[in-house]
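# Per-entry structural report
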Amino acid sequence: KAGVTQTPRYLIKTRGQQVTLSCSPISGHRSVSWYQQTPGQGLQFLFEYFSETQRNKGNFPGRFSGRQFSNSRSEMNVSTLELGDSALYLCASSLLQGLNTEAFFGQGTRLTVV
Amino acid sequence: DQQVKQNSPSLSVQEGRISILNCDYTNSMFDYFLWYKKYPAEGPTFLISISSIKDKNEDGRFTVFLNKSAKHLSLHIVPSQPGDSAVYFCAASERGGSEKLVFGKGTKLTVNP
C-alpha cells in the first residue's frame, strides 16, 4: 500500500509569488491535514479537509488556503509569498475523523522563498 | 501559548539502556496522544498512541504512559538502539482523532553504541 505522497519535494520561489503543493493520501483515507514545520515554531497545524470540506483551520493568514478533491487528493496554496513562509510543509492522512486513528505523514515539500 | 511541551530538547543514552522521553500538556480537552519519530528532511513516522481512557500502551520496545491528573505522558524505549536516534515528537488532539494534532517541539534522542 502506497504511503502519503507529496509533490514536489523541493521548491524555490521568489517573494510575492504564489505556490501550490500537492498531496495524495493513502488509498482509502478521507481526512487530509496540512502542517508547517519551521525551526522556531515547530510543527504547526494549517488546516484539515474531510470529504472535500475544510473541517478544521489553524491560526494562519488567509494567504494560506487549500482544497480537497473527490478522490481525497489535496492541494495547498500560498499566495504572495514571504520569506517567513520558508518551511517544510507536511501533509498527513488518516482513515476517519475521530475513533483514535493515527495520522500518517508524507515526506514533505521543502519550500524556500528568496 | 504552548499546549504541548517537551522540555528536554535533547537526550543521550547508551545502547541497550532505557530511553525516557517526557511530554506535558495543558489542555484538559486532549483525549488522544501520539508519539512520532522524525529524521531530517523526512515526514514524521507514527510510533505509538494512547487514548485518555488508558494509562499505558505497549508496542514492542515502545511503551507510552499517560498520567492524566498530572497532564503528563512519557515514552519508554527499551532497549535503546542506535537506529532509534532521531527527533521524537509528542502530539495531542481533541475528540479522539488525528486530524488536528498539536505538537511539542521535539526531543532529539541520540543512542550511543
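Since the model is a prediction, treat every value here as computed from it, not as a measurement.

### Examining the pattern of salt bridges
Residues and elements named next belong to chain A. Summed over all chains, the structure comprises six salt bridges over all chains. Between R67 and E75 there is a salt bridge, with the nearest N and O atoms lying 3.2 Å from each other. Overall, the relative accessible area of 47% leaves R67 in the partly exposed class. E75 is the partner of R73 in a salt bridge, and the nearest nitrogen-oxygen pair spans 3.4 Å.

### Considering the interface of chain B and chain A
On the side of chain A, 25 residues touch chain B, which itself brings 20 residues to the contact. Between chain B and chain A the total buried area reaches about 1800 Å² when both faces are included, carbon and sulfur atoms providing 53% of it. For the pair chain B and chain A, the interface holds zero salt bridges. For the pair chain B and chain A, the interface holds four residue pairs in polar contact (both at pLDDT 80 or more). At the level of secondary structure, the elements contributing two or more residues to the side of chain B that touches chain A comprise β4 (30-38) and β5 (45-51) of chain B.

Criteria and thresholds
Residues numbered from 1 in each chain as written. Chains lettered and ligands numbered in written order. Predicted model: local features only at pLDDT ≥ 70, side-chain atom pairs only at ≥ 80, totals over all residues. Heavy atoms only, no water. Salt bridge = Lys/Arg side-chain N within 4 Å of Asp/Glu carboxyl O. Buried < 20%, exposed > 50% of the residue type's maximum accessible area, 1.4 Å probe, protein only. Contact = heavy atoms within 4.5 Å. Buried area = accessible area lost by both parts, 1.4 Å probe. Polar contact = N/O pair within 3.5 Å; in protein donor to acceptor, adjacent residues only side chain to side chain. Helix = DSSP H or I, 4+ residues; strand = E, 2+ residues; numbered from the N terminus.

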